[in-house]
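# A look at the structure
Read off the chains here:
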Amino acid sequence: PRLSGALRSPQRRWPVPYRRFDYRPKTDPYCQARYTFCPTGSAIPVMKEEDVIEVYRLQAPVWEFKYGDLLGHVKIMHDAVGFKSSLTGKNYTMEWYELFQLGNCTFPHLRPGMDAPFWCNQGAACFFEGIDDAHWKENGTLVLVTTISETMFNEMAKWVKYDNDTGIYYETWTVQASPDKPSIVWFDSYECSKFILRTYQKLADLGAVFKKIQTNYTSIILFSGEPIYLGNETSIFGPLGNKTLAAAIRDFYYPFKPYQTVGEFFVDMLKIIDHVILKRQFYLFYNLEYWFLPMKFPYLKIIYEEVPLPTGSKTSFGV
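Residues numbered from 1 in each chain as written. Predicted model: local features only at pLDDT ≥ 70, side-chain atom pairs only at ≥ 80, totals over all residues. Heavy atoms only, no water.

Turning our attention to the overall build of the protein. Each helix and strand counted, the protein has 8 helices and 11 strands in total. Counting only C-alpha atoms and orienting by the principal axes, one finds that the protein spans roughly 65 × 45 × 35 Å. Here the protein holds 319 residues, and 47% of them are scored as buried. Just so you have it, the protein exposes about 16,700 Å², and 55% of that area is on carbon and sulfur atoms. For the protein, the separation between the mean place of its 34 positive charges and that of its 34 negative charges on side chains is 5 Å. (Helix = DSSP H or I, 4+ residues; strand = E, 2+ residues; numbered from the N terminus. Buried < 20%, exposed > 50% of the residue type's maximum accessible area, 1.4 Å probe, protein only. Areas by Shrake-Rupley, 256 points an atom, 1.4 Å probe, with all protein chains shown as cover. Lys, Arg positive; Asp, Glu negative; His and termini not counted. Charge placed at Lys NZ, Arg CZ, Asp CG, Glu CD.)

Structure representation (structure tokens):
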């Protein structure tokens, strides 16, 4: 499609800031998960005075509970954080992930009778009592990273509520200009590892002192020239929208639907290769808006890159 009417502002801020919201909308009944989100979730407890809480880094291959280390071989990892109270001896796990699994967050549904693609892309924090040691240790990581006071934990809990209430959409892709360093980042992802990094930084700002250990995280990166802003659902798919552009976006997303047979899978894969590699096209949905990405070699890459544990802006509470 012709994109001459698209917005391409040299003053645009990169990466595009992730949009926060005033409240979390109800999920549509159409959105269904194969596995229930946070099935044993509970409220974050208020830690008592003089408690000392150990903080653990947790990491395991995505869907480790079903496929073991399969996705670990390509370094597609899920991150969480664990806590242990010295007063009660209780363990807790906290993580952030998709309400309706990764596929629904990454690609939309094309529903009959609806012009616009339909997204089931909310993500949220999950907190529950216990740490499944076997899950994290067998193919991943369970390691102590710092120790905090009850005051720091309780302040972190308040921040988690704010972060969870205002950051509601999962964003799978990091989009940048090239594999080189440094490189312009057009869009940053918003997924499990970013929640853990924000949590660590919050604890550091409250005074936590982290151990000096290597910490790596997974990023799925698309490589693109400068993105072109296309519009939102109303401006593209509404009554006065751009019918040609709307059809192009629907056509792009169609091969990403769940396939029924092996034959359908290979046909759809050829269509994806045609769009992304041969035509160098990708349509990104970010902050409830659509962008056109002029794709560049190597198009897509999964990296497992070190992000150091943070240092804080305040002095330690003396833990």
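Text resumes after the structure shown.
The first and last C-alpha atoms of helix α4 (residues 150–166) sit 25 Å apart over 17 residues, in line with the 24 Å expected at 1.5 Å per residue. E150, M152, F153, N154, M156, A157, W159, V160, D163, N164 and T166 are the residues of α4 that are buried. The inward-facing, buried residues of α4 contact β1 (52–61), β2 (77–85), β3 (91–98), β4 (123–129), β5 (141–149) and α5 (192–205). (Expected span 1.5 Å × (residues − 1). Contact = heavy atoms within 4.5 Å.)

In this structure, Q122 sits in the loop between α2 (101–106) and β4. A distance of 2.7 Å separates polar atoms of two side chains, one belonging to Q122 and the other to R24. Each residue touching Q122, except ones within four places of it in the same chain, is listed here: R24, P25, K26, T27, E98, L99, C105, I168, Y169 and Y170. (Polar contact = N/O pair within 3.5 Å; in protein donor to acceptor, adjacent residues only side chain to side chain.)

Here α4 crosses α5 at 140°, and the two axes come no closer than 10 Å. Relative to α5, the element α4 lies oblique. In this structure, α4 meets α5 at a crossing whose hand is right-handed. Residue-level inspection shows M152, M156, W159, V160 and D163 of α4 in contact with α5, the latter providing F195, R198, T199, K202 and L203. Residue composition of the contact of α4 with α5, grouped by class: 6 nonpolar, 1 polar and 3 charged. (Axes fitted to C-alpha atoms, helices over the stretch in contact; angles between N-to-C directions. Parallel < 35°, antiparallel > 145°, perpendicular 65-115°, else oblique. Left-handed = near helix turned anticlockwise from the far one by under 90°. Nonpolar A, V, L, I, M, F, W, Y, C, P; charged D, E, K, R; others polar.)

Looking now at the sheet that holds β3. Taken together, 5 strands build an open sheet; the order of strands is β4-β3-β2-β1-β5 and the sheet is antiparallel. Here the strands that pair on one side only, and so sit at the sheet edges, are β4 and β5. Taken over all neighbouring pairs, the strand axes of this sheet differ in orientation by 25° on average, direction set aside. Across 8 bridges, the pairing between β1 and β5 is antiparallel. The residue of β5 that forms the bridge with R57 is V143. Across the sheet, α4 touches β1, β2, β3, β4 and β5, and the angle it forms with β5 is around 110°. Relative to the sheet, α5 contacts β1, β2, β3, β4 and β5, its axis offset from that of β2 by approximately 35°. (Pairing = 2+ DSSP bridges.)

For the rest of this paragraph, the subject is the pairing of β4. Extensive coverage of β4 is indicated by the burial of 6 of its 7 residues. Where β3 lies against β4, 7 bridges are found, and the strand directions are antiparallel. Note that in β4 the partner of E95 across the bridge is C126.

Once that is clear, we can look at the state of the cysteines. The final tally for this structure, using the stated rule, is 2 disulfides. C38 shares a disulfide with C126; S-S distance 2.0 Å. Because the torsion about its S-S bond is 80°, the bridge between C38 and C126 counts as right-handed. Of this pair, C38 sits in the segment before β1 while C126 sits in strand β4, and the two are 88 residues apart along the sequence. (Disulfide = S-S within 2.5 Å.)

On to the pattern of salt bridges, then. Going through the model one piece at a time under the given rule, you end up with 8 salt bridges. Between D165 and K161 there is a salt bridge; the shortest N-O distance is 2.8 Å. Residue D165 and its partner K161 are both found in helix α4; the two are separated by 4 residues, about one turn of the helix. A relative accessible area of 28% places D165 in the partly exposed class. D274 is the partner of K279 in a salt bridge, and the nearest nitrogen-oxygen pair spans 3.2 Å. Exposure remark for D274: the relative accessible area of 26% places this residue in the partly exposed category. Members of the salt-bridge network, linked through shared partners, are R20, D163 and R198. (Salt bridge = Lys/Arg side-chain N within 4 Å of Asp/Glu carboxyl O.)

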